[in-house]
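# Report on the structure
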Amino acid sequence: MSLSRREFLQMLAIATAGGANLGSLSIAQASNNIYNVPTFGNVSLLHYTDCHAQLKPIYFREPNINLGIGAMLGRPPHLVGNNLINHFNIAKESPLSYAFTYLDFVEAAKRYGKVGGFAHLSTLVKQLRAQRPGALLLDGGDTWQGSATSLWTNAQDMVDAQKLLGVDVMTGHWEFTFGADRVQEIIEKDFKDKIDFVAQNVVDKEWGEAIFKPYVIKEINNTPVAIVGQAFPYTPVANPKFKIPDWSFGIREEHMQEVVNKARSDGAKVVIVLSHNGMDVDIKMASRVTGIDAILGGHTHDAVPAPLEIKNKSGKTLVINSGSNGKFLSVLDLDVKNGKIRDYRFKLLPIFSDLIKPDAEMADYIEKVRAPFKEKLEAKLAITDDLLYRRGNFNGTFDQLILDAMMQVKDAEIAFSPGFRWGVSVLPGEAITFEQVMTQTAITYPTSTLNEIKGDRIKDILEDIADNLFNLDPYYQQGGDMVRVGGLQYSINPTAKMGKRITDMQLNGKALSANKKYRVAGWASVERQPEGGKPIWDVVTEYLKQHKHVKISELNVPRIKGVLRNPGFEFN
């Protein structure tokens, strides 16, 4: 049974009475409403990221496995569940525990309701801006992808929502999967004189010329503030390069230093990097590039309640990550005087939909843009007996559903599904709608495949993806989770060396043969596929219509070695 708004606020007051901390300020302050954020300083930045086109409130379960390896061990963002709430002094079974962790998720979701929604986000943005004249709203990317309506409107529904929300500056990642021409069209037409798209690390392959503005300088209360863009560095590797054939990406650390220096020489007193690196990459960059005051980051979907203060040769840089799916809004207030930041305050605010009155203008827009698709979106395909979620290093129950669907519909022995971190959660007993399937599958290269692959090649694939996730150098990580695997059982030791992490590969209790070919289903291949192939959402829909009720009898998770005391791992 869900709480009333008054009961919810009372629960928040109780949960925060002990001074649970979200950065430099107590979240309680003198009020029982977490959205009464005291003003501070003279430069304010609001930040959201990785909303993945979720215009409506949703459920979204955070991971119980988010492993940190090497220098990343035991450091945010690699804390989950009890380890996270203990580190940040968050009360167990509280609304904040619900927002930041997987703990008791189903009961907490029933009690505290859905999160996010652009109409609710819009109300909060307007409230905070009214208190903070000149505040900038920054969008960290992965905004145009993740829903049926965004796919079907060629991202237009999200572009118009951004404009209505009042976004000032953004960078990108999944945006590029709509293709170079579409990205440029939006920037040159829809965003013109409204939203700046920045990315210092995207250049023309032939001439090395910048594709986008590397940074913009905005005046906030007479203080020049530079916003430097950092798009996802591995876009042509993690996504189809044929979508952006003439663009080159990369971390480009040396160029970042040059850009930061240039922004300072152009008069910027504050330098902010709007990043889609992933948090571990941001932390390394903050330790090596000087002159950055704060990195507002995304990509890895990490909701970290307080900034990390990273030391470098010239001082320190705040590293902030603001979660995903519209669940959170960061508020960074800076006290700047004589060209120096004297102090700061920070809050990562969960967007509890039941607590925030939806903005009428945004709500009307959302209903209007969804209206032509309403019947198709709301089509009920089956009932789930289990919580369906996607998030965690190795598998989720919605991922397992997709794997099971591929193996049955494609008649495969093994199935691979990408380690994507987007996709909403569905509570037990609820109907699975076509819209919810699309939140897991809506991409511009959705073709399902069936190939015969030798056992030794399967091992190579798993080893390569494991290195992308667990390489000791964050600059060699691509920020996704491990490929989800159906049918095949295996062991993984994330702490082992490249090529030695994957062992004990078995199919139906028998060791996988290196030279034997196996029928392997998959989807989201970054290689161009023949036209006419069945999209993954049709595969899942066919499976759901056949079964009517979904019961995930077993979650196929590898045997994980070497992580017994890792605070990024909890048994669920």
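Residues numbered from 1 in each chain as written. Predicted model: local features only at pLDDT ≥ 70, side-chain atom pairs only at ≥ 80, totals over all residues. Heavy atoms only, no water.

By the definition in use, this model includes 33 salt bridges. Of the charged contacts in the structure, one is a salt bridge between E185 and R182, with a shortest N-O distance of 2.8 Å. In this pair, E185 and R182 both sit in helix α8 (residues 180–190), 3 residues apart, roughly one turn of the helix. Given the relative accessible area of 9%, R182 is considered buried. The salt bridge involving D504 is made with K561; its shortest N-O contact spans 3.3 Å. Pair noted here: D504 is in strand β21 (residues 502–507) and K561 is in the segment after β25 (559–560), with a separation of 57 residues, a long-range link. What makes K561 partly exposed here is its relative accessible area of 38%. A single salt-bridge network, built from bridges that share partners, covers D302, R391, R421 and D481. (Salt bridge = Lys/Arg side-chain N within 4 Å of Asp/Glu carboxyl O. Helix = DSSP H or I, 4+ residues; strand = E, 2+ residues; numbered from the N terminus. Buried < 20%, exposed > 50% of the residue type's maximum accessible area, 1.4 Å probe, protein only.)

Time to look at the domain arrangement of the protein. For interface size, the figure often reported is the accessible area lost on association. Split by domain assignment, the protein resolves into domain 1 (1–34 + 59–113), domain 2 (35–58 + 114–366) and domain 3 (378–560). Distance from the C-alpha centre of domain 2 to the C-alpha centre of domain 3: 30 Å. At the interface, 32 residues of domain 2 touch 25 residues of domain 3. Among the residues domain 2 hides against domain 3, the three largest losses belong to L151, F242 and K284. Together they make up 21% of the total. With a closest N to O distance of 3.5 Å, D302 and R391 form a salt bridge. (Domains from an automatic or database assignment. Contact = heavy atoms within 4.5 Å. Buried area = accessible area lost by both parts, 1.4 Å probe.)

With that settled, consider the pairing of strand β12 (residues 315–321). In regular strands, side chains alternate between the two faces of the sheet. For β12, the buried fraction is high: 5 of the 7 residues fall into the buried class. Pairing geometry for strand β10 (residues 294–297) and β12, over 4 bridges, is parallel. When the sheet's bridge partners are listed, A294 is paired in β12 with L318. Where strand β11 (residues 308–312) meets β12, 5 bridges bridge the pair, whose relative direction is antiparallel. Residue pairing for β12: I310 is matched across the bridge by T317. Between the end of β11 and the start of β12, which pair antiparallel, lie 2 residues. (Pairing = 2+ DSSP bridges.)

Another aspect to go through is the sheet that holds strand β15 (residues 380–384). The strand order β17-β15-β24 describes an open sheet built from 3 strands, whose pairing is mixed. Edge positions in the sheet fall to β17 (431–433) and β24 (549–550), since each has one partner strand and no second. Pairing of β15 with β24 involves 2 bridges; the strand directions are parallel. Looking at the pairing, I383 lines up with H549 of β24. Across the sheet, helix α15 (residues 434–441) touches β15 and β17, and the angle it forms with β17 is around 60°. Sitting on the sheet, helix α17 (residues 536–547) touches β15, β17 and β24, and the angle it makes with β15 is about 65°. (Axes fitted to C-alpha atoms, helices over the stretch in contact; angles between N-to-C directions.)

Another point: the packing of aromatic side chains. Enumeration according to the criterion identifies 21 aromatic pairs in this entry. Following the ring pairs from residue to residue traces out a cluster consisting of W174, F420, W422, Y445 and W523. One cation-aromatic arrangement involves R345 over F40; the distance from NZ or CZ to the ring centre is 4.2 Å. Between R528 and the ring centre of F242, over which it is positioned, the NZ or CZ distance is 4.2 Å. (Phe/Tyr/Trp six-rings, centres within 6.5 Å; stacked < 30°, edge-to-face > 60°. Lys NZ or Arg CZ within 6 Å of the ring centre and 35° of its normal.)

As a packed pair, helix α7 (residues 156–165) and helix α12 (residues 360–370) sit with axes 11 Å apart at the nearest point and diverge in direction by 170°. One element, α7, and the other, α12, form an angle in the roughly antiparallel class. The residues of α12 that touch α7, namely those facing Q156, D157, D160, A161, L164 and L165, are E361, M362, Y365 and V369. For the contact of α7 with α12, the per-class residue count stands at 6 nonpolar, 1 polar and 3 charged. (Parallel < 35°, antiparallel > 145°, perpendicular 65-115°, else oblique. Nonpolar A, V, L, I, M, F, W, Y, C, P; charged D, E, K, R; others polar.)

By secondary structure assignment, the location of R421 is in the loop between β16 (414–417) and β17. We classify R421 as buried; its relative accessible area is 6%. Spatially, the C-alpha atom of R421 lies 27 Å from that of Y35, the residues being 386 residues apart in sequence. Other than its neighbours up to four places away in sequence, R421 contacts F60, N66, T300, H301, D302, R390, R391, N393, L469, G479, G480 and D481. At 2.6 Å, the side chain of R421 forms a polar contact with the backbone oxygen of T300. (Polar contact = N/O pair within 3.5 Å; in protein donor to acceptor, adjacent residues only side chain to side chain.)

We now examine the side chain of H276. The topology assignment puts H276 in the loop between β9 (270–275) and α11 (279–288). On the basis of relative accessibility, which here comes to 0%, the residue H276 falls in the buried class. Engagement of the side chain of H276 in a polar contact is seen with the backbone oxygen of G140, the distance being 2.8 Å.

Okay, unusual backbone geometry next. A cis amide bond links P76 to the next residue, P77, at an omega of 15°. Mapped onto the fold, P77 is located in the loop between β1 (43–48) and α2 (81–87). One non-glycine residue, D411, lies in positive phi territory at about 55°. With a phi close to 70°, K548 is a non-glycine residue in the positive phi region. Within the secondary structure, K548 is located in the loop between α17 and β24.

This paragraph deals with the sheet that holds β1. Here we have 6 strands laid out as an open sheet, ordered β4-β3-β2-β1-β13-β14, and mixed in their pairing. A strand with exactly one partner marks an edge of an open sheet, and here the two such strands are β4 (196–197) and β14 (340–350). When β1 meets strand β13 (residues 328–337), the two strands line up antiparallel, connected through 5 bridges. Counterpart to L45 in the pairing with β13 is L332.

Okay, the pairing of strand β2 (residues 136–139) next. Burial of the side chains of β2 extends over both faces: L136 and L138 are buried on one face and L137 and D139 on the other. Where β2 meets strand β3 (residues 169–170), 2 bridges bridge the pair, whose relative direction is parallel. Bridge pairing links L138 to V169 in β3.

Two elements in contact, helix α14 (residues 397–409) and α17, have axes whose closest approach is 9 Å; the angle formed by their N-to-C orientations is 85°. Regarding the angle of α14 to α17, the classification is roughly perpendicular. Of the residues in α17, those in contact with L401, I402, D404, A405, M406, Q408 and V409 of α14 are I536, V539, V540, E542, Y543, L544, Q546 and H547. Each residue belonging to the contact of α14 with α17 can be placed in one class, and the counts come to 10 nonpolar, 3 polar and 2 charged.

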